Amino acid sequence: MFFFGIEHEVAFLNQAGKFADFSETKYAEFNQIVERLPTYPNDYSQLRVGDAGIKKKRWYIEGFERFADSDKVIDCLPKGIEIRTTIHSQIQGAIDELTESFNLLREVAADYGFTPVLASFNPYKTIFEPNPPLNDYEIQQLQSYPDEHTANIYMVTYGPDLNISIADLSVEKLIDIGRKLTYYSPYIVPFSYSAPFYNGNLWDGLSVRTFVRTGKRPATLVFVEKAEQLITSVPSLTKVARIPAEVGRIEFKAFDSCDDFSLYAALLALLKGLVLDESLTGRATIPDAELHQVSAKQGFSNAEIFDNANKILQAAAAALKNDSDINFLTPLKNILESGETKAQELIKQYQRFNSIEAVLKQTYLK
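Read on for a plain summary of the structure. The residue numbers shown here count from 1 along each chain, following its written sequence. Residue-level local features of this predicted model are given only where pLDDT is at least 70; pairs of side-chain atoms are given and counted only at 80 or more, and the full residue set underlies all totals for whole chains, interfaces and linings. Only hydrogens and water are removed before side-chain values are computed, so all heavy atoms of the structure are retained for them.

Turning our attention to the pairing of strand 8 (residues 220-224). When a strand is regular, its side chains alternate between the sheet's two faces. Classification of residues uses two cut-offs on accessible area relative to the type maximum, computed with a 1.4 Å probe and protein chains only: under 20% is buried, over 50% is exposed, and between them is partly exposed. Think of it this way: any DSSP run of H or I at least four residues long counts as a helix, any run of E at least two long counts as a strand, and we number them from the N terminus. Counting buried residues along strand 8, five of its five residues qualify, which places the element largely inside the surrounding structure. Alternating residues of strand 8 divide into Thr 220, Val 222 and Val 224 and Leu 221 and Phe 223, and every residue in both groups is buried. Two strands qualify as a pair provided DSSP detects at least 2 bridges between them. One ladder, built from three bridges, connects strand 8 with strand 10 (residues 249-252); its direction is antiparallel. The residue bridging Thr 220 from the neighbouring strand is Phe 252, located in strand 10. Sheet topology note: the strand 8/strand 9 (residues 238-240) ladder contains three bridges and is parallel. Residue pairing in the sheet places Val 224 in a bridge with Val 240 of strand 9.

Now the structure itself:
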């Protein structure tokens, strides 16, 4: 029995047509949008609210929380709005809910002059530097959690968490799947590449996000029930579940953002196929940063990346053989055959318009 969920970060252009990041946007500007979106009380068993109370809905402001010299949150520097779905037993159910939530968000955001745009890396800011600088309490908090040292990365990156869980798997098997997905990550992430802009210009590759984050941030995160089940690694492969619904969840975090949600269906089906597959033997506890960087620059034009992606896709299809979810894999086959990812499409549009904003306005049009 499989279960699926999606967390999707949305970036925006503001009324002036500027990229609405932490340097251009106040928390209150995004909060007025979230305030108008509905609350579903039955979600709380599945969706974590969090300590600061920011995550009360299916939509919440993604950002960097600032603290006084205590655990009291005094501000949140925003990078965008995240949508998360509830847990579904079918891939299509998660896609349908994400689509509905996105359309609601777009509708309300328009009233305040915000337009959703596809971004997997901030096209203008290369790094996040807190202003004012971190106080002693904040530094101490960040030092307590190794993965939080990378706030300078996650505040300029946007991407989905594709969540998949399987009933009644042992912790050993869950961690093994997490290590498998981590190993094969550099070969499958190019299907989603959509980050060809850097520091206001075209980058010389397909995914700045993958190039910058991998090795410092996890490719896969496995949620276990108890602290003694954790395995030590930096970045983390395992994390203690914060609510019961997270126990046994495998969260794949390395894909770029997609503005065509049918691609998320394809990627979830691929992950499902990889979970079921027993032919692929590669395992890694931490992502191979160097191989991800080759992948980020060259994508499927690199023979090793292409050949392994093809092999993985075939293995996933074989594992799904009699499962109707095999049909979701078709867009991935098309991408491999054409060699064209979203990043190449964005690059071509930039060469035509010579404007990042003009390119971004062409996203999410379907």
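Continuing now.
Two elements in contact, helix 2 (residues 91-110) and helix 7 (residues 261-276), have axes whose closest approach is 10 Å; the angle formed by their N-to-C orientations is 150 degrees. Taken together, the axis directions place helix 2 and helix 7 in an arrangement best described as roughly antiparallel. Once helix 2 is placed against helix 7, the crossing between them reads as right-handed. On the side of helix 2, the interface is formed by Ile 91, Ile 95, Leu 98, Thr 99 and Phe 102, while helix 7 contributes Phe 261, Tyr 264, Ala 265, Leu 268 and Ala 269. In terms of residue class, the contact of helix 2 with helix 7 is built from nine nonpolar, one polar and no charged. Only the stretch in contact is used when fitting a helix axis, every axis being a line fitted to C-alpha atoms; angles between N-to-C directions are given from 0 to 180 degrees. An angle below 35 degrees is read as roughly parallel, one above 145 as roughly antiparallel, one from 65 to 115 as roughly perpendicular, and any other as oblique. Left-handed describes a crossing in which the near helix is turned anticlockwise from the far one by less than a right angle; the clockwise case is right-handed. The contact definition used throughout considers only heavy atoms, calling two residues in contact when any of these lie within 4.5 Å. Polar here means any residue other than Ala, Val, Leu, Ile, Met, Phe, Trp, Tyr, Cys and Pro, which are nonpolar, and Asp, Glu, Lys and Arg, which are charged; Gly is therefore polar.

Topologically, Glu 129 is positioned in the loop between strand 4 (115-117) and helix 3 (136-144). Sequence separation between Glu 129 and Asn 152 is 23 residues; the distance between their C-alpha atoms is 6.5 Å.

In this section: the nonpolar core. Formed by 90 residues in total, the largest nonpolar core has its most connected members in Phe 191 and Leu 270. Here the element with the most residues in this core is helix 7; it accounts for 12 residues. Buried Ala, Val, Leu, Ile, Met, Phe, Trp, Tyr and Cys residues that are joined via side-chain atoms within 4.5 Å together make up what is termed a nonpolar core. Among the nonpolar cores identified, the runner-up in size contains 12 residues, and Ala 11, Tyr 158, Phe 197 and Tyr 350 belong to it.

Think of two packed helices as two axes; the pair is described by the angle between the axes and how far apart they sit. Contact pair helix 9 (residues 303-319) / helix 10 (residues 330-338): the axes reach a minimum separation of 11 Å and the direction vectors enclose 155 degrees. Comparing their axes, helix 10 and helix 9 come out roughly antiparallel. Taken as a pair, helix 9 and helix 10 cross one another with a handedness that is left-handed. Residues Phe 306, Ala 309, Asn 310 and Leu 313 of helix 9 form the contact with helix 10, whose participating residues are Leu 332, Lys 333 and Leu 336.

Before going further, it helps to spend a moment on the pattern of salt bridges. Salt-bridge detection follows one rule: a side-chain nitrogen of Lys or Arg within 4 Å of a carboxyl oxygen of Asp or Glu. Under the counting rule described, the total for this entry stands at 17 salt bridges. The closest approach of N and O atoms between Arg 209 and Asp 256, which form a salt bridge, is 3.8 Å. With Arg 209 in helix 6 (residues 208-213) and Asp 256 in the loop between strand 10 and helix 7, this pair connects stretches of sequence that are 47 residues apart. Like Asp 256, Arg 209 is buried. Here the salt bridges do not stand alone but share partners, grouping Asp 161, Glu 251 and Lys 253 into one network.

A separate point is unusual backbone geometry. Across the junction of Val 234 and Pro 235, the peptide omega takes the value 0 degrees, indicating a cis bond. For Pro 235, the position within the fold is in the loop between strand 8 and strand 9. Its identity as a non-glycine residue notwithstanding, Asn 199 has a phi of 55 degrees, on the positive side. Structurally, Asn 199 can be placed in the loop between strand 6 (197-198) and strand 7 (201-202). Positioned with a positive phi, Asn 354 is a non-glycine residue whose angle comes to about 55 degrees. Here Asn 354 is to be found in the loop between helix 11 (342-353) and helix 12 (356-360).

Before going further, it helps to examine helix 7. Under the convention used throughout, the expected extent of a helix is 1.5 Å for every residue step, that is, one less than its residue count. Taking 1.5 Å as the rise per residue, helix 7 with 16 residues should run 22 Å; its terminal C-alpha atoms sit 23 Å apart, in good agreement. The buried fraction of helix 7 amounts to 14 of the 16 residues, a majority that puts the element mostly inside the structure.

Attention now moves to the pairing of strand 3 (residues 73-84). Burial of strand 3 is extensive: nine of the 12 residues sit out of reach of the surface. Across four bridges, strand 1 (residues 2-13) lies against strand 3 in antiparallel orientation. Counterpart to His 8 in the pairing with strand 3 is Ile 83. Turn length for the strand 2 (residues 59-67)-strand 3 hairpin, with the two strands adjacent in sequence and antiparallel, is five residues.

Turning next to the packing of aromatic side chains. The criterion for an aromatic pair is that two Phe, Tyr or Trp rings (for Trp, the six-membered ring) have centres within 6.5 Å, with stacked assigned to planes under 30 degrees apart, edge-to-face to planes over 60 apart and tilted to the rest. Tallied over the entire structure, the rule returns 19 aromatic pairs. Here the aromatic rings of Phe 12 and Phe 114 are separated by 6.1 Å at their centres, their planes lie at 80 degrees, and the arrangement is edge-to-face. Here Phe 114 lies in the loop between helix 2 and strand 4 and Phe 12 lies in strand 1, a separation of 102 residues in the sequence. When sorted by exposure, Phe 12 lands in the same class as Phe 114, which is buried. An aromatic cluster is built from Phe 102, Phe 261, Tyr 264 and Tyr 364, whose rings are joined through pairwise contacts. Sitting over a ring, as applied to charges here, requires NZ of Lys or CZ of Arg to be within 6 Å of the ring centre and within 35 degrees of the ring normal. The ring of Tyr 40 carries Arg 58 above its face, with NZ or CZ at 3.7 Å from the centroid. The side chain of Lys 272 reaches across the aromatic face of Phe 2, ending 5.1 Å from its centre.

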